[in-house]
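# Examining the three-dimensional arrangement
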Amino acid sequence: YFITATLGVLFNFLIFAIIYFFSKKILIHYQITNPIYLKIFKTIVIYIIPSVMSFYGLYQGLITHVRKVKVVIPNVSRNIKICHLSDVHIGSVYKKKFIKGIVKKVKNMKPDFVVITGDLFDGTCKVDIDWLSPFDDLDVPIYYITGNHEQYYGTAKALKVVEKTKIHHVLRDEPITFENLMIYG
């Protein structure tokens, strides 16, 4: 995470340095050459804007977003509440404490079932089975589909870890039925 975050911050600074370079040429072209204005412009464009954007991006990456969406599906006999988890990225940054927070939010939603659609794991960091144990506190079916980050971790290793939890329904190019609802993964 640290390397990725650092690269993102450096990329922000690089992009805004390039913007500053071309913007300065435009300012000079229009004869805005006052050194104080140019210094203020440089400070804002090269330092302040990329710093604010970087911190905002890092902050957004560390919080869990919950969004409620109503979907009408014909021929489903009742309202079914589904909790969809995606891109959890358990690994070097997010561990058991993070999963506990997610499970607490899931419990408050009172879903009929949970789907985890890829990237439960992140990178090549060894995952401790205990990190996933909060999922065992859920009293609803949990359906899981692997994503590209499971490939980085090792799909077979990821599935072995998942098998030791209550995430029993691993969908691998197959459908499963929940009441009148077909779930494909």
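Placed above this text is the structure.
Here the structure is a predicted model, which means the values were calculated and not measured.

## Let's talk about unusual backbone geometry
In this structure, K110 is a non-glycine residue whose phi angle is positive, near 50 degrees. The backbone of D173 sits at a positive phi, close to 60 degrees, despite the residue not being glycine. Inspection of the secondary structure puts D173 in the loop between β4 (169-170) and β5 (175-178).

## What about the packing of aromatic side chains?
This structure, assessed with the given rule, holds six aromatic pairs. Aromatic side chains Y20 and F41 sit 5.9 Å apart centroid to centroid with 35 degrees between the ring planes, which places their arrangement in the tilted category. Here Y20 is found in helix α1 (residues 2-29), whereas its partner F41 is found in helix α2 (residues 35-62), with 21 residues between them in sequence. Judged by its relative accessible area of 11%, Y20 falls in the buried class.

## Structural notes on the pattern of salt bridges
Across all of its chains, the model carries four salt bridges by this definition. Where R78 meets D112, a salt bridge forms, and the shortest distance between an N and an O atom there is 3.2 Å. With R78 in the loop between α2 and β1 (82-85) and D112 in the loop between α3 (96-109) and β2 (113-117), the pair connects residues that are 34 residues apart, well separated along the chain. R78 serves as the salt-bridge partner of E179, at 2.7 Å between the closest nitrogen and oxygen.

## Side note on α2
Here α2 spans 40 Å end to end across 28 residues, near enough to the 40 Å set by a 1.5 Å rise per residue. Along α2, the largest kink reaches about 35 degrees and is centred on I44. One side-chain oxygen of the residue at the start of α2 lies 2.9 Å from the amide nitrogen of I36, identifying that residue as N34.

## Topic: the sheet that holds strand β3 (residues 142-145)
Adjacent strands of a sheet form backbone hydrogen bonds with each other and so pair up, either parallel or antiparallel. One open sheet holds the four strands; their spatial order is β1-β2-β3-β4, and the pairing between them is parallel. Every interior strand has two partners, whereas the edge strands, β1 and β4, have only one. In the sheet, β2 pairs with β3 via four bridges, with the strands oriented parallel. Across the sheet, V115 pairs through a bridge with Y143, a residue of β3.

## Digging into a positive patch on the surface
Together, K24, K25, K39 and K42 line one region of the surface with positive charge. Secondary structure elements with two or more residues in the positive patch: α1 and α2. When you line up the elements, K25 lands in helix α1. What makes K25 partly exposed here is its relative accessible area of 48%.

Scoring rules and cut-offs
Residues numbered from 1 in each chain as written. Predicted model: local features only at pLDDT ≥ 70, side-chain atom pairs only at ≥ 80, totals over all residues. Heavy atoms only, no water. Helix = DSSP H or I, 4+ residues; strand = E, 2+ residues; numbered from the N terminus. Phe/Tyr/Trp six-rings, centres within 6.5 Å; stacked < 30°, edge-to-face > 60°. Buried < 20%, exposed > 50% of the residue type's maximum accessible area, 1.4 Å probe, protein only. Salt bridge = Lys/Arg side-chain N within 4 Å of Asp/Glu carboxyl O. Expected span 1.5 Å × (residues − 1). Bend = angle between axes of the 7 residues up to and from the residue. Polar contact = N/O pair within 3.5 Å; in protein donor to acceptor, adjacent residues only side chain to side chain. Pairing = 2+ DSSP bridges. Patch = residues over 30% accessible without salt bridge, like charges linked within 9 Å, V, L, I, M, F, W, Y side chains within 5 Å. Areas by Shrake-Rupley, 256 points an atom, 1.4 Å probe, with all protein chains shown as cover. Lys, Arg positive; Asp, Glu negative; His and termini not counted. Charge placed at Lys NZ, Arg CZ, Asp CG, Glu CD.

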